[in-house]
Amino acid sequence: SFTPRTEHKETLKKLADWIAARALPNTHAYWREQIAEKFVLLPEDAFRDFALYATEVQTHVRLDPERKTVQQGALWTTESLPPDTLLYAPLMVSASRVDSQNWSTDTVLDKIRRVLNDKRIQLGGDETTGQGWVTVRLVESPAPTNGGQR
């Protein structure tokens, strides 16, 4: 069990509430409630141990259909995150650099919003495993002050 130090409890609670309100769709009410209780800041060593020893690793082979032996070069592994993993990544947008599409920063961002925001997409190398499905949620920052990039 990981218990935050007393001086961090209020900050972690605010961060968990912020994440729940912005990162999780309204349809995920259960997880919105649970994140405040289950949110934890791990020490670096503990995070490393979870990443190294608790990541699911599956070994796969492709068999030669006639000989029922492993085909040459057909042994591979996949690593999977736990099902309810929440990831984040910064998204930076600039005006289009393609001559035939003179899109402004706002146009590019609007297209990304329409294509990705609150949509389920499949990421990863092999869609036949049924893994890699994610819901994308864009959380926008305040208006930029650095020359128009958002």
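What this report covers is the structure whose coordinates are included nearby. (Residues numbered from 1 in each chain as written. Predicted model: local features only at pLDDT ≥ 70, side-chain atom pairs only at ≥ 80, totals over all residues. Heavy atoms only, no water.)

1. Side note on the environment of R120
Right, so step 1: You can see R120 is positioned in strand β3 (residues 119-122).
Right, so step 2: Residue classification places R120 among the exposed positions, given a relative accessible area of 56%.
Right, so step 3: Once the C-alpha coordinates of R120 and T135 are considered, the two residues, 15 residues apart in sequence, prove to be 4.3 Å apart.
Right, so step 4: Non-local contacts of R120, meaning those with residues more than four positions away in its chain, are made with W133, V134 and T135. (Helix = DSSP H or I, 4+ residues; strand = E, 2+ residues; numbered from the N terminus. Buried < 20%, exposed > 50% of the residue type's maximum accessible area, 1.4 Å probe, protein only. Contact = heavy atoms within 4.5 Å.)

2. Points about the pattern of salt bridges
Right, so step 1: Taken as a whole and judged by the stated rule, the model has seven salt bridges.
Right, so step 2: One salt bridge in this structure joins R48 and D49, with 2.9 Å as the shortest N-O distance.
Right, so step 3: Here R48 falls in the partly exposed class, since its relative accessible area comes to 41%.
Right, so step 4: Through salt bridges with shared partners, a single ionic network connects D45, R48 and D49. (Salt bridge = Lys/Arg side-chain N within 4 Å of Asp/Glu carboxyl O.)

3. A closer look at unusual backbone geometry
Glycine aside, residues mostly have negative phi, and peptide bonds are mostly found in the trans state.
Right, so step 1: Even without glycine at this site, K68 takes up a positive phi of about 60°.
Right, so step 2: Backbone geometry at D118 places phi at a positive 60°, although glycine is not the residue there.
Right, so step 3: Residue position: D118 is located in the loop between α4 (105-116) and β3.

4. Observations regarding α4
Right, so step 1: When the terminal C-alpha atoms of α4 are compared, their 16 Å separation across 12 residues agrees well with the 16 Å that a helix rising 1.5 Å per residue should span.
Right, so step 2: T105, V108, L109 and I112 are the residues of α4 that are buried. With its buried residues spanning 95° around the axis, α4 presents them on a single face.
Right, so step 3: Looking one or two places after α4, you find D118, whose phi comes out positive at around 60°. (Expected span 1.5 Å × (residues − 1). Arc of directions from axis to C-beta.)

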